[in-house]
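Structural features, examined
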Amino acid sequence: MSRIKGKDTKPELLLRSMLHRAGFRFRLHVPGLPGRPDIVLPRYQTVIFVNGCFWHRHRNCKFAYTPKSRIEFWQQKFSDTVARDTAKEKQLRELGWNVITVWECELKQQAQETCANLLSRIVSSS
Ligand SMILES: [Zn+2]
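A few points on the structure. (Residues numbered from 1 in each chain as written. Predicted model: local features only at pLDDT ≥ 70, side-chain atom pairs only at ≥ 80, totals over all residues. Heavy atoms only, no water.)

1. Topic: the environment of alanine 22
Quick reminder of the rule: A helix here means a DSSP run of H or I that spans at least four residues, while a strand means a run of E at least two residues long, and both kinds are numbered starting from the N terminus. A simple rule labels every residue: compare its accessible area, found with a 1.4 Å probe on the protein chains alone, to the largest value its type can have, and call it buried under 20%, exposed over 50%, or partly exposed in between.
Inspection of the secondary structure puts alanine 22 in the loop between helix H1 (10-21) and strand S1 (27-28). Among the residues examined, alanine 22 registers a relative accessible area of 39% and is labelled partly exposed.

2. Some thoughts on the coordination of the zinc ion
How we decide: Here a donor is any nitrogen, oxygen or sulfur atom (N, O, S) within 2.8 Å of the metal, with 3.2 Å used for Na, K and Ca; water is not among the atoms considered, so some sites may look incomplete. In these descriptions, tetrahedral denotes four donors with every angle between 85 and 135 degrees, square planar four donors and octahedral six donors with opposite donors over 155 degrees apart and the rest between 65 and 115, and irregular any other case.
Distances from the zinc ion to its protein donors, Cys53 (SG), His58 (ND1), Cys61 (SG) and Cys105 (SG), fall at 2.0 to 2.3 Å. Angles of 102 to 114° at the metal separate the four donor atoms of the zinc ion, which places the site in the tetrahedral class. Of note, the zinc ion draws all its donor residues from one chain, in the sequence arrangement C-x4-H-x2-C-x43-C. Highlighted residues: cysteine 53 in helix H2 (residues 53-56) and cysteine 105 in helix H4 (residues 104-109), separated in sequence by 52 residues. By relative accessible area, cysteine 105 is classed as buried at 8%.

3. Focus on the pattern of salt bridges
Put simply, the rule is: The rule for a salt bridge is simple: a side-chain nitrogen of Lys or Arg has to be within 4 Å of a carboxyl oxygen of Asp or Glu.
As enumerated under the stated definition, the model contains five salt bridges in all. Its salt-bridge partner being arginine 16, residue glutamate 12 comes within 3.6 Å of it at the nearest N-O pair. Of this pair, glutamate 12 and arginine 16 both sit in helix H1, separated by four residues, roughly a single helical turn. Accessibility classification places glutamate 12 together with arginine 16 in one group, the buried group. A salt bridge links lysine 88 to aspartate 85, with the shortest nitrogen-to-oxygen separation between them at 3.1 Å. Of this pair, lysine 88 and aspartate 85 both sit in helix H3 (residues 71-94), separated by three residues, roughly a single helical turn. Each member of the pair, lysine 88 as well as aspartate 85, carries the same accessibility label: buried.

Below, the structure is given as structure tokens:
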């Protein structure tokens, strides 16, 4: 399974520096966990995925458009990705992890709000 986005995409960096400033300690891309979550907070039993809206099909998001050509190809690709996302989330939950998904557009457009919201979800989950 190849990762389409790079490891250090900008929204993810933003999120990491915010978490760091807030005093959270985390690990990155832990290979042993299903789906290799982008950020792992062992103390809170929480993993965070930073999802690109296009590939991961952010619902009702303008970035999750479908290209006009080779529609079937794209739809297959998208449904595979979404099925994989659902499966890995289920696996992680079964292992006792709290799973949080953050969308790139949220980080880009409402960074402060998204981060504040995220922090409270991390803390309240523990
Ligand atoms: Zn989006």
